[in-house]
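Architecture at a glance
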Amino acid sequence: MRKLVLLLLVVLASAGLAQPPRSNIQKKRQQAGKIKVWVTNMGMIGSFWGFVAENRCEYPAGSNIDFLDSFHFVYGGVVNNDTCVSNGGGGFGASPWHELWPDSEMYDSLYMYRMGEEVDSIVEEFYSPAICGTGGVITGERYQPLSEMDFLAHYSDRDTLSHMLIHKAMGIDIWQMNYAWGYPDIDDIIFFESYIKNTGRNTIENFYIGFQCNLQTGDLDNVTGSIWERRDKISLDDHCWYNEARRVAVSADAPGGEDGTAESVMGWTILSAPDIDTKVITFKAARDWDYGVDEEEERPDEYAYKVMTVGEIDPPEETRNKVGDVQWVLAFGPYTLRPDSMIVAAYAMVGGENELDLYDNVDYAHYYYNDRRLAFSPPPPPPKITEIVPDNHKITLKWDDSPEYFEDTLRADSIFMDFEGYRVYKSRSKDGPYTLIADFDKVDWYGRNTGLQHEYVDSGLVNCIHYYYAVTSYDLPDTVQNTGPKECGILASLVEAMPGFAAGRGERVAVVPNPYRGDVDYTK
């Protein structure tokens, strides 16, 4: 039955009857730390409406090792004795189409802010009442950016869209936050919060919160063909498992195969939710979309809900050996969600160089969220780049001294004025990798003692070529907490520059042939 419904909807889509709505759909890349992943405002991570060809969830950054085809938030419940499931992506639930959408209003854009930045008034008015003091980490009366890259999104499951042919909405609105930093101990983690509110008129019984992951895990550099062929090849030997002690679902590349063996692994862990320790948790692993749950000619929503609520955890000794085109579902509940009530849940996407490193980082994620509430000793903020001066074959960068007055009151060693130095990075690509080209260290008891500067000249460049620069700041180690120096993220101060003569200063005009020959001096 489910396959027939999916086939019908695909046919209708090809006829133009199931096209995406004209909503304010957006995607942006979260790349403050070592995980570079596409985030959307439609309950989906990784892929975006099926058309992200390149890396969708790269870890570690710059490795070209991908982990996701797509990752979806899934919500299920019973409304007036009717089973409903709303899914951020296709292949699980009522249709192959997405069932979580933003509205066309401005506040449903996908917003990104960095700590210290001013927030748009429309964001403050719409998001602050939902996320401030309601159970998440934002406790003040108004939202202020918390991390080096905050993302804010809002979407709902309202079924007013013509393409949702058999989807029935529960009437939920979701405010989604994620936070990431680019410095050690926390750069392998992206924190997520979902503020789930029943904005309908009916109580949602037996409400479950879930996630569906479709793996495409492997090193894209080890396979050949078009990007789509390479993506297919890395998906042929994936596997997954669930670690109950840490509430983490793990995605990994199985040993061997055409794509080799990627040692790094990726996890999704449940950090916090009301009464989470007493809730039913389900983890089901599938190969080729077979979750091992009998469909019994049920409606797609009923089948998806059955998978989410079955209350079984597939043992890792089985799922590690279930190698191939792999998917998994993780869900927990039940809750009763009355009209105008809200549930706040938190999760983390966590990377690790190997399985043991992943578990260490998952433990860090739980500690930083549940014990520290993401309040931890930060690095100094980046300096403000005050001037970029292009010249013949060189670029001059100038920046202010604002990080030198930063006070970190969360240090254990009481050295609250802990600024130590600046570092300058350069790349030919905005996405990196970035090379350290200068380090200016304060003269004191720590470091290289090169002395502070607020200007750097990068020479020997090719004129009319774009270069990308970042100036970061870093602090002293905390000898009481036994932590090393922390450095703000590269992306926090990224600028673009292009060397060349300033207007009116150029040499004489010359005509050169195309193609250009590097062995000919065209200046004569």
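Before reading on, note that the structure itself is shown above.
Here is a short report on the structure shown in this document. Model, not experiment: these values are computed from the prediction.

**A few points about helix α6 (residues 355-371)**
Over its 17 residues, α6 extends 24 Å from the first C-alpha to the last, a length consistent with the 24 Å expected when each residue adds 1.5 Å. When we look at burial in α6, the residues that qualify are L358, Y359, N361, V362, A365, H366, Y368 and Y369. Structurally, α6 contributes buried residues whose contacts are with β10 (189-198), β12 (238-243), β13 (248-253), β14 (265-272) and β17 (342-352). Capping of α6 at its N-terminal end is provided by N354; its side-chain oxygen lies 3.2 Å from the backbone amide nitrogen of L356. Just beyond α6, the residue with positive phi is R373, at close to 55°.

**A short note on unusual backbone geometry**
For the bond from Y59 to P60, the omega torsion is -10°, close enough to zero to count as cis. Note that P60 resides in the loop between β4 (57-58) and β5 (65-79). With an omega of 0°, the peptide bond running from G333 to P334 counts as cis. The residue P334 is located in strand β16 (residues 326-337) in this model. For N81, which is not glycine, the phi dihedral falls at a positive 65°. If you trace the backbone, N81 turns up in the loop between β5 and β6 (82-87). One non-glycine residue, C464, lies in positive phi territory at about 65°.

**Regarding the sheet that holds strand β18 (residues 385-391)**
Taken together, three strands build an open sheet; the order of strands is β18-β19-β22 and the sheet is antiparallel. In this open sheet, the two edge strands, each paired with only one partner strand, are β18 and β22 (455-459). Neighbour-to-neighbour, the strand axes of this sheet turn through a mean angle of 15°, independent of strand direction. Direction of pairing for strand β19 (residues 394-399) relative to β22: antiparallel, over a ladder of five bridges. Bridge pairing links T396 to V457 in β22.

**Things to note about the packing of aromatic side chains**
The description of an aromatic ring pair uses the distance of the two centres, along with the angle that the planes make with each other. Summed over all chains, the structure comprises 32 aromatic pairs. Three or more aromatic residues joined by ring pairs form one cluster here, namely F71, F73, F192, F211, Y242, W268, F283, W328, F332, Y335 and Y347. Sitting over the ring of W38, K27 keeps its end group 3.8 Å from the ring centre. The aromatic ring of Y467 is capped on one face by R428, whose charged end is 5.6 Å from the ring centroid.

**Points about helix α3 (residues 227-234)**
An α-helical turn contains 3.6 residues, so a residue and the one three or four places further along point in the same direction. For α3, the set of buried residues is R230, R231 and I234. For α3, the angular spread of the buried residues around the axis is 100°, confining them to a single face. Where α3 is buried, its residues contact β5, β11 (204-219) and β12.

**Considerations on the pattern of salt bridges**
Scanning all chains against the criterion turns up 23 salt bridges. For E124, the salt bridge goes to R142, with nearest N and O atoms at 2.9 Å. Of the two residues, E124 sits in helix α2 (residues 121-131) while R142 sits in the loop between α2 and β8 (149-156), which places them 18 residues apart along the sequence. Linking D458 and K426 is a salt bridge whose minimum nitrogen-to-oxygen distance equals 3.1 Å. With D458 in strand β22 and K426 in strand β20 (residues 419-427), the pair connects residues that are 32 residues apart, well separated along the chain. Take D458: its relative accessible area is 6%, and that puts it in the buried class.

**A closer look at the environment of E193**
Residue position: E193 is located in strand β10. Discounting chain neighbours no more than four positions away, the residues touching E193 are G136, V137, W175, Q176, M177, Y179, A345, A346 and Y369. There is a polar contact of 2.8 Å between the side chain of E193 and the side chain of Y195. Engagement of the side chain of E193 in a polar contact is seen with the side chain of Y369, the distance being 2.5 Å.

**Section: the nonpolar core**
Of all hydrophobic cores here, the largest spans 57 residues; its most connected members are Y75, F207, F211, W268, W328, F332 and M349. Here this core gets seven residues from one element, more than from any other, and that element is β5. Apart from residues lying up to four places away in sequence, M349 is in contact with I35, V37, I45, C57, L68, D188, I189, I190, F192, M266, G267 and W268. Counting 40 residues, the second-largest nonpolar core is a separate cluster that includes A130, C132, W175 and I189.

**Section: empty space enclosed by the protein**
Counting across every chain of the model gives one cavity of 30 Å³ or more. Looking at the largest cavity, its volume works out to about 70 Å³. Mapped by element, the contributors of at least two residues to the lining of the largest cavity are β5, β13 and β14. Among the residues forming the lining of the largest cavity, the class breakdown is nine nonpolar, two polar and no charged.

**Points about the layout of surface pockets**
Its volume calculated, the largest pocket comes out at about 810 Å³. Its residues assigned to classes, the lining of the largest pocket comprises 21 nonpolar, six polar and eight charged. Space inside the second largest pocket adds up to approximately 700 Å³. Lining the second largest pocket are 31 residues, and of these G33, K36, A61, D431 and Y434 lie nearest its centre.

Parameters and conventions
Residues numbered from 1 in each chain as written. Predicted model: local features only at pLDDT ≥ 70, side-chain atom pairs only at ≥ 80, totals over all residues. Heavy atoms only, no water. Helix = DSSP H or I, 4+ residues; strand = E, 2+ residues; numbered from the N terminus. Expected span 1.5 Å × (residues − 1). Buried < 20%, exposed > 50% of the residue type's maximum accessible area, 1.4 Å probe, protein only. Contact = heavy atoms within 4.5 Å. Polar contact = N/O pair within 3.5 Å; in protein donor to acceptor, adjacent residues only side chain to side chain. Pairing = 2+ DSSP bridges. Axes fitted to C-alpha atoms, helices over the stretch in contact; angles between N-to-C directions. Phe/Tyr/Trp six-rings, centres within 6.5 Å; stacked < 30°, edge-to-face > 60°. Lys NZ or Arg CZ within 6 Å of the ring centre and 35° of its normal. Arc of directions from axis to C-beta. Salt bridge = Lys/Arg side-chain N within 4 Å of Asp/Glu carboxyl O. Core = buried A, V, L, I, M, F, W, Y, C linked by side-chain atoms within 4.5 Å. 1 Å grid on protein atoms, 1.4 Å probe; cavity = no way out; pocket = protein on both sides within 12 Å on 5 of 7 lines; lining within 4 Å. Points joined across faces, edges and corners; volume = space filled by probe spheres on them. Nonpolar A, V, L, I, M, F, W, Y, C, P; charged D, E, K, R; others polar.

The values reported here are purely geometric and, on their own, carry no functional implication.
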